[in-house]
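What the coordinates show
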Amino acid sequence: MKTVVVTDVRRAEASVIDKLGTHGVATVHEAMGRTGLVGASLRPIQEGVRIAGSAVTVLCWPGDNLMIHAAVEQCREGDVLVVTTASPSLDGSFGELFATALQHRGVRGLVTTGGVRDVADLRAMGFPVWSAAVNAQGTVKATAGSVNVPITVGGTVVRPGDVIVADDDGVLCVPRLDVQSALEAADARVMKEAASRAAYLAGELSLDRNRLRGVLDDLGVKYVTTAEYEAGHGHG
Ligand SMILES: O=C([O-])CC(=O)C(=O)O
Ligand SMILES: [Mg+2]
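Parameters at a glance
- Residues numbered from 1 in each chain as written.
- Chains lettered and ligands numbered in written order.
- Predicted model: local features only at pLDDT ≥ 70, side-chain atom pairs only at ≥ 80, totals over all residues.
- Heavy atoms only, no water.
- Buried < 20%, exposed > 50% of the residue type's maximum accessible area, 1.4 Å probe, protein only.
- Helix = DSSP H or I, 4+ residues; strand = E, 2+ residues; numbered from the N terminus.
- Arc of directions from axis to C-beta.
- 1 Å grid on protein atoms, 1.4 Å probe; cavity = no way out; pocket = protein on both sides within 12 Å on 5 of 7 lines; lining within 4 Å.
- Points joined across faces, edges and corners; volume = space filled by probe spheres on them.
- Near = heavy atom within 4 Å.
- Polar contact = N/O pair within 3.5 Å; in protein donor to acceptor, adjacent residues only side chain to side chain.
- Areas by Shrake-Rupley, 256 points an atom, 1.4 Å probe, with all protein chains shown as cover.
- Sits in = over half its atoms within 2 Å of the grid points.
- Contact = heavy atoms within 4.5 Å.
- Core = buried A, V, L, I, M, F, W, Y, C linked by side-chain atoms within 4.5 Å.
- Patch = residues over 30% accessible without salt bridge, like charges linked within 9 Å, V, L, I, M, F, W, Y side chains within 5 Å.
- Salt bridge = Lys/Arg side-chain N within 4 Å of Asp/Glu carboxyl O.

Describing helix 3 (residues 66-74)
- Among the residues of helix 3, those classed as buried are Met67, Ile68, Ala71, Val72 and Gln74. Summarising the axial view, the buried residues of helix 3 lie within an arc of 155°, below the 170-degree limit, and thus occupy one face.

Right under this line is the structure:
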């Protein structure tokens, strides 16, 4: 494969990215038809932080962070760095020094299928990270890879300029051309959930609100007493 650094990434409009970032990952994911998650294995090192930003993608060789060094130069205010390796590696290819350089450039956070280190410093400096591991294992700077090419993260393709939303629930990738429609669908979902929340606070049951009694009935789920259950009824 040819190794490249693509320098002219198309980004979504900043105001739309910021508005998307007011919604949680779960909300936007649902609004997108339950798509876009990059898998459950990338966890935040911090708590209670949500970011949204434009993806700068990095494909590194395992055990090698050369292309992260190349990617820093391509990052702008409002970006999120998204790193993966050509084959699985949990080495600690990213730490406080990279975070210092990225924070200086206005980068909002890191998403990596690899490991990170210096996590106490990363937390103290408020640089948000979602990673597959915390791992002090060092890496070298010796092998070519690519910056700003499509990469696969947790089965989802992340293209440069896609919008990353990340919070305590995980990491979501919104394709760049779908950002406006995802925002509108997420806004609508927030309204719907607000109405449901008010109804639940008033004592309404989700079974009734979502017309689920008919679903249970169609599936043959029976309501029985303990005595009936213990007598062997209500099974299967
Ligand atoms: O330098 C490295 O290889 C990764 C690291 O620890 C840092 O960025 O601080
Ligand atoms: Mg370090």
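Structure shown, so let's carry the discussion forward.
Considering empty space enclosed by the protein
- By the definition in use, this model includes one cavity of 30 Å³ or more.
- Within this model, the largest cavity holds a volume of roughly 70 Å³.
- Elements supplying a minimum of two residues to the lining of the largest cavity: strand 3 (79-85) and strand 5 (109-116).

Observations concerning the site of ligand 1
- Lining the immediate surroundings of ligand 1 are Asn65, Ser93, Phe94, Gly95, Glu96, Leu97, Phe98, Arg117 and Asp118.
- Backbone polar atom of glutamate 96 to an oxygen atom of ligand 1: 3.2 Å apart, as the coordinates give it.
- Separating an oxygen atom of ligand 1 from a side-chain N or O atom of arginine 117 is a distance of 2.6 Å.
- Protein burial of ligand 1: of its 270 Å² of free accessible surface, 88% is covered by the chains.
- The cavity where ligand 1 resides is the second largest pocket.

Observations concerning unusual backbone geometry
- Phi at arginine 34 takes a positive value of approximately 55°, unusual for a residue other than glycine.
- Take arginine 34: it is sitting in the loop between helix 2 (25-31) and strand 1 (43-44).
- On the basis of relative accessible area, arginine 34 is assigned to the exposed category, the value being 59%.

Quick notes on the side chain of histidine 29
- Positionally, histidine 29 belongs in helix 2.
- Not counting the four nearest positions on each side in its chain, histidine 29 is found in contact with Arg34, Thr35, Leu37 and Leu172.

Comments concerning the nonpolar core
- By size, the foremost hydrophobic cluster in this structure holds 23 residues, and its most contacted members are Leu81, Phe94, Leu122 and Phe127.
- Sorting the residues of this core by element identifies strand 2 (51-60), helix 3, strand 3, helix 4 (96-104), strand 5 and helix 5 (119-125) as the ones contributing at least two each.
- Counting residues per element, this core draws most heavily on helix 3, which supplies four residues.
- Discounting chain neighbours no more than four positions away, the residues touching leucine 81 are Val56, Val58, Ile68, Ala71, Cys75, Phe94, Leu102, Val107, Gly109, Leu110 and Val111.
- Counting 17 residues, the second-largest nonpolar core is a separate cluster that includes Val80, Trp130, Val153 and Val158.

Some thoughts on the side chain of glutamine 74
- Relative to the elements of secondary structure, glutamine 74 occurs in helix 3.
- Ignoring sequence-local partners within four residues, the contact set of glutamine 74 consists of Val5, Val6, Thr7, Arg11, Val56, Asp79, Val147 and Asn148.

Topic: a nonpolar patch on the surface
- A surface patch of nonpolar side chains, about 340 Å² in accessible area, is lined by Leu212, Val215, Leu219 and Val221.
- Summarising the element assignment, valine 215 is placed in helix 8 (residues 213-218).

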